[in-house]
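A closer look at the structure
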Amino acid sequence: MSAENLTNSQSSQPIQFYANPYCPYAQRSWITLRQLNIPFSYEHIELGKDNKTDWFIAMNPNGAVPVIKQNDIIIYESLVINEYLSEVFGNAQNKLLPENPVLKAKARILISRCDAKFVKLAYTYLSHKPTDSQESTAKDEELRNALETELRFLDDTLAESQGTYFLGETVSLVDIAFIPFFERMLVVLETWKGFNIKSLNLNHLNRWLDAMSSLDSYQETQMEPEKIKEVYSRFLGSDYFKKVGIAN
Ligand SMILES: N[C@@H](CCC(=O)N[C@@H](CS)C(=O)NCC(=O)O)C(=O)O
């Protein structure tokens, strides 16, 4: 894509953001749009309905939100959208990824770790329904320990960053990749597993959660805890996370 095309497309139409307010992946891109002050129009997608239509599949063959569209430019996959937005709309004051290739690589490693480790471990633990058997109780404990180990890794990473956020003193795409999933896990793990992330007293992680909670760009996108419980009660009842492969 030439620079000229980009300039033309940016100047002509606002971005159309196809999303659903309950989707954590869409929330990542929503926060990024807000954090970079990018004008956009929110196009509501009813999951299981609008995203199965031909017009939607023509934009994203995976049939999933989020998608952004601006004239003939269509981009999907939350993390890809976020990098695109950061590259095209970020400036020296608000850039969300470092320029330095080594630091950028470090950021990408953490971003990919979010889905590969934190999200996977959290949803696998959440989805495990312990029965009375000893084996099942042991499995539950094993899954909780694995998640706790990952949370300790994240706390150590924040400690090393020498700032409140994953890459230091300013918010980046790393923080934005993680926060929608923490938002949900803080509520649902407590509700269904009696596991309170904040009670682990991981100081750097707790400080990061507090700092993220006060970000305007994030606050606007947050779900009410009661709504999270309602939505997750349906998901857990139908083993949704195992079916779609988020949980093992
Ligand atoms: N890897 C994708 C995952 C997106 C995703 O799974 N979105 C879900 C909603 S949270 C979706 O649209 N699922 C289709 C459906 O429920 O029919 C991304 O990061 O954008």
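Residues numbered from 1 in each chain as written. Predicted model: local features only at pLDDT ≥ 70, side-chain atom pairs only at ≥ 80, totals over all residues. Heavy atoms only, no water.

**Concerning the site of the ligand**
Note the cut-off: By convention in these notes, a residue is near a molecule or strand provided one of its non-hydrogen atoms lies within 4 Å of it. Any pair of nitrogen or oxygen atoms within 3.5 Å is treated as a polar contact; in protein, a donor-acceptor pairing is required on top of that, and neighbouring residues in sequence qualify only through side-chain atoms on both sides. Values of accessible area rely on a 1.4 Å probe in the Shrake-Rupley scheme; residue burial ignores everything except the protein chains shown. Gly is placed with the polar residues, together with every amino acid not listed as nonpolar (Ala, Val, Leu, Ile, Met, Phe, Trp, Tyr, Cys and Pro) or charged (Asp, Glu, Lys and Arg).
The local shell around the ligand holds 14 residues, among which C23, N51, V65, E77 and S78 are the closest. V65 is positioned such that a nitrogen or oxygen atom in its backbone is 2.9 Å from an oxygen atom of the ligand. One nitrogen or oxygen atom from the side chain of E77 is found 2.8 Å from a nitrogen atom belonging to the ligand. Protein chains bury 76% of the 520 Å² of accessible surface belonging to the ligand in isolation. Grouping the amino acids of the shell around the ligand by side-chain chemistry returns eight nonpolar, four polar and two charged.

**A word on the sheet that holds strand β2 (residues 40-44)**
Strand pairing in a sheet relies on backbone hydrogen bonds, with the paired strands running either antiparallel or parallel. Put simply, the rule is: Each pair of strands is called paired provided DSSP finds at least two bridges between the two strands. Secondary structure elements follow DSSP: runs of H or I no shorter than four residues count as helices, runs of E no shorter than two count as strands, and numbering proceeds from the N terminus. Comment: axis = line fitted to C-alpha atoms, over the contacting stretch for helices; angle = value between 0 and 180 degrees taken between N-to-C directions. The contact definition used throughout considers only heavy atoms, calling two residues in contact when any of these lie within 4.5 Å.
Strand order in the open sheet formed by four strands is β2-β1-β3-β4, with mixed pairing between adjacent strands. Every interior strand has two partners, whereas the edge strands, β2 and β4 (73-76), have only one. The average undirected angle you get between the axes of adjacent strands in this sheet is 20°. Bridge count between strand β1 (residues 15-19) and β2: five bridges; the pairing is parallel. Across the sheet, residue I15 finds its bridge partner in β2, namely F40. Across the sheet, helix α2 (residues 24-35) lies against β1 and β2, angled at about 150° from β1, the strand it touches most. The sheet strands contacting helix α4 (residues 78-89) are β1, β3 (67-70) and β4, and the helix crosses β4 at an angle near 130°.

**Examining the nonpolar core**
Basically, it comes down to this: Remark: nonpolar core denotes a set of buried residues (Ala, Val, Leu, Ile, Met, Phe, Trp, Tyr, Cys) joined through side-chain atoms within 4.5 Å. Note on classification: 1.4 Å probe, protein chains only; a residue is buried when its accessible area is under 20% of the maximum for its type, exposed when over 50%, partly exposed between these limits. Reported domain spans reflect what an automatic or database domain assignment gives.
Counting 75 residues, the largest nonpolar core has L85, F118, Y123, L151, F182 and W208 as its most contacted members. There are two domains that each give this core at least three residues, and those are domain 1 (3-89) and domain 2 (101-243). Apart from the residues within four sequence positions on either side, F182 is in contact with F118, L151, L154, I197, L205, W208 and L209.

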